[in-house]
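Summary of the model geometry
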Amino acid sequence: MKKMLFLLSAVLVLSLQSTLAQLSDPVQLMERSRDLTMSGNLQSTLMLTITEKNGSTRTRKLTMQAKTAGGTEKRMIKFLDPADVRGTALLIVDNEEAQDDMWIYLPALKKTRRIVSTEKGKSFMSSEFSNADMTSAPLSDFKISHMPESGKNDTWLIESVPVSEDKEDEYGYSRKITWLDKKDLKVKKIEFFNFDGELFKTIDIISTLPIAGKEGYIMTEMYVMNHNNGRSSRIKFDEINTASVIPDNTFTVEALER
């Protein structure tokens with residue numbers, strides 16, 4: 001009887017492995033998914049709403065300019081309101097292969113400083129989004145594979161595990177699961193797990209907008225829930241313009257202070 005159970009178990013494992021082998025390569029799926037979010041030229045107004053566990057909210061108004069070239073996307077983000085963050089600016093260089101670069105200008109200190117790798121897992125402007133959520137991390141930082149349920153219900157479920165403990169500390173999680181729509185590879189949501197293997201944060205993509213004249217889309221509304229502290233945050237795009245020409249000198253450290 002034990003031998004039969006062992007053989008049955010072995011057959012099931014081989015069947016599962018065979019099924020997973022027939023799935024599209026998970027790294028290629030993640031690469032393709034990233035490419036679809038490279039928007040070209042983009043100007044937009046953003047509203048960042050931070051909701052506390054008790055229901056109280058804070059709202060921040062931002063502008064963003066973005067430009068994509070050769071697999072690298074550069075973004076300049078500037079805070080307009082409220083007064084306590086007005087003038088704060090971030091420059092993000094989202095590299096496809098190399099580590100991302102981020103700088104922040106703090107008007108109260110009249111100082112620009114680089115956001116180092118150890119700060120990637122920290123909060124983005126006191127929201128439940130992290131600094132790392134504002135970029136697309138190099139896929140080489142992760143071991144990427146399909147979850148057993150991947151491919152069911154028209155959804156790819158792809159697990160990304162940091163390649164080392166240093167990378168876990170850098171990003172602030174032990175693994176994440178990305179939900180991709182099988183039809184168009186749009187990101188539907190991302191789940192993040194802490195160092196005890198427990199789900200602690202979920203980002204849902206609420207709405208998207210196709211990019212005129214090219215294949216791809218813009219995530220126009222994102223909602224993040226922190227399951228540990230009960231706080232949530234929402235980013236919503238408005239006044240989206242993908243037709244304007246944005247000069248390269250927009251995306252320089254010197255431009256942060258202008």
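Please read these numbers as outputs of a predicted model, since none were measured by experiment.

1. A word on the pairing of strand β2 (residues 57–69)
- Bridging between strand β1 (residues 42–51) and β2 involves 10 bridges; their strand directions are antiparallel. Counted as the bridge partner of L46 is L62 from β2.
- Sheet analysis places β2 next to strand β3 (residues 72–81), joined by nine bridges and oriented antiparallel. Residue pairing across strands places Q65 opposite M76, the latter belonging to β3.
- In this structure, the hairpin formed by β2 and β3 is closed by a connection of two residues, where G70 is found at a positive phi of approximately 60°.

2. Some points on the environment of I115
- Mapped onto the elements of the fold, I115 is located in the loop between β6 (111–114) and β7 (142–146).
- Along the backbone, I115 and L80 are 35 residues apart, and their C-alpha atoms lie at a distance of 21 Å.

3. Focus on the packing of aromatic side chains
- According to the stated counting rule, one finds five aromatic pairs in the structure shown.
- Relative to Y173, the ring of Y171 lies with its centre 6.1 Å away and its plane at 35°, an arrangement referred to as tilted. Across this residue pair, the class does not change: Y171 and Y173 are buried.
- Summarising the aromatic geometry, the rings of Y173 and F192 are spaced 5.1 Å apart at their centres and angled 70° between planes, so their arrangement reads as edge-to-face. Within this pair, whereas Y173 is found in the loop between α3 (165–171) and β9 (175–181), its partner F192 is found in strand β10 (residues 187–193), the two being separated by 19 residues in sequence.
- Residue class for Y173 comes out buried when judged on its relative accessible area of 5%.
- The exposure class of F192 is buried, given its relative accessible area of 3%.
- What links up through ring pairs into an aromatic cluster is the set F142, Y171, Y173 and F192.
- Stacked on the ring of F142, the Lys or Arg K176 has its end atom at 5.3 Å from the ring centre.

Cut-off values and rules
Residues numbered from 1 in each chain as written. Predicted model: local features only at pLDDT ≥ 70, side-chain atom pairs only at ≥ 80, totals over all residues. Heavy atoms only, no water. Pairing = 2+ DSSP bridges. Helix = DSSP H or I, 4+ residues; strand = E, 2+ residues; numbered from the N terminus. Phe/Tyr/Trp six-rings, centres within 6.5 Å; stacked < 30°, edge-to-face > 60°. Buried < 20%, exposed > 50% of the residue type's maximum accessible area, 1.4 Å probe, protein only. Lys NZ or Arg CZ within 6 Å of the ring centre and 35° of its normal.

Such coordinate-based values are descriptive only and should not be taken to indicate function.
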